[in-house]
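Analysis of the macromolecular model
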Amino acid sequence: MTHAFDQTIYMDAVLTPNDSLSPRAFQIVMGVTVIMSFLAGMMFLSMGAWPVIGFFGLDALALWFGFRLIRRRTRAETRVRVTADRVTLHHKDGNGGEKSAELPAAFARVELDEPVGPTSWLRIEHGQTAYIIGRFLTPKERESLAKGLRAALRRARAERYSA
């Protein structure tokens, strides 16, 4: 059964983490790291400490691996859609795993721990179930998103109950 209010979308937000480095900046950082490691390694080699070269290589490899891990996490995204009928949450993690949930808009609540700080989680709740969204957002961004979600839910409920 389709209702007339299913068509209006009050919020359709895609949340993504901020990217720490552009691909070009990553190449520059890794290039500088490799050159500096090589030069330092050559200096130690000239002093007869040849085993140190391997440690400089391991440092560069660890830095590359760390940036790669961070890059994978920045591919995560969460989509929040609010209509008069439902709140739809769809999350993709950096490894390609996906989770979805639908909540009735009439009973969904937006909660944000006060005072807003780094450990304040933004949750969309229904009954005893809570979905944390925007873990990667700054406290100000979470606060702004919470206000937007609450306003979207108010408008969605107003349409639902006026229809």
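Below is a short write-up of the structure.

Per the counting criterion, the structure on display carries two aromatic pairs. Aromatic pair phenylalanine 26 and phenylalanine 67: ring centres 5.7 Å apart, planes at 75°, arrangement edge-to-face. Here phenylalanine 67 lies in helix 2 (residues 52-73) and phenylalanine 26 lies in helix 1 (residues 23-46), a separation of 41 residues in the sequence. Between the aromatic rings of phenylalanine 44 and phenylalanine 56, the centroid separation amounts to 5.9 Å while the plane-to-plane angle is 40°, which identifies the pairing as tilted. One end of the pair, phenylalanine 44, is in helix 1; the other, phenylalanine 56, is in helix 2, with 12 residues separating them in the sequence. Of note, arginine 135 hangs over the ring of tryptophan 121, and the distance from its end group to the ring centre comes to 5.5 Å.

With that out of the way, let us pick up the nonpolar core. Membership of the largest hydrophobic core comes to 24 residues, with the highest contact counts inside it found for Val82, Val87, Ile124 and Leu149. Every element with two or more residues in this core is listed here: strand 1 (9-15), strand 2 (77-83), strand 3 (86-92), strand 5 (109-112), strand 6 (122-126) and helix 3 (139-162). Take this core: its biggest share by element is six residues, from helix 3. Beyond its immediate sequence surroundings of up to four residues, isoleucine 124 is in contact with Val80, Val87, Leu89, Leu103, Ala108, Arg109, Thr129, Ala130, Tyr131, Ile133 and Leu149.

The next point concerns the pairing of strand 2. Walk down a regular strand and you will see the side chains alternate between the two sheet faces. Note: strand 1 against strand 2, six bridges, orientation antiparallel. Residue valine 14 lies in a different strand from strand 2, and its bridge partner there is arginine 79. If you look at the hairpin formed by strand 2 and strand 3, you'll find two residues sitting between the two strands.

Checked against the element boundaries, threonine 74 lands in the loop between helix 2 and strand 2. Its relative accessible area of 16% is what places threonine 74 among the buried residues. Not counting residues within four places of it along the chain, the set of residues in contact with threonine 74 comprises Pro17, Asn18 and Asp19.

Here we take up the sheet that holds strand 6. Reading across the sheet, the three strands line up as 5-6-7 and stay open at both edges, with antiparallel pairing between neighbours. The sheet is open, and its two borders are formed by strand 5 and strand 7 (129-133), each paired with just one other strand. If you compare each strand with its neighbour and ignore which way they point, the axes differ by 30° on average. Pairing between strand 6 and strand 7: five bridges, direction antiparallel. Of the residues in strand 7, the one forming a bridge with histidine 126 is threonine 129.

Calculation criteria
Residues numbered from 1 in each chain as written. Predicted model: local features only at pLDDT ≥ 70, side-chain atom pairs only at ≥ 80, totals over all residues. Heavy atoms only, no water. Phe/Tyr/Trp six-rings, centres within 6.5 Å; stacked < 30°, edge-to-face > 60°. Helix = DSSP H or I, 4+ residues; strand = E, 2+ residues; numbered from the N terminus. Lys NZ or Arg CZ within 6 Å of the ring centre and 35° of its normal. Core = buried A, V, L, I, M, F, W, Y, C linked by side-chain atoms within 4.5 Å. Buried < 20%, exposed > 50% of the residue type's maximum accessible area, 1.4 Å probe, protein only. Contact = heavy atoms within 4.5 Å. Pairing = 2+ DSSP bridges. Axes fitted to C-alpha atoms, helices over the stretch in contact; angles between N-to-C directions.

From the geometry alone we can't say anything about function, so treat these as descriptive.
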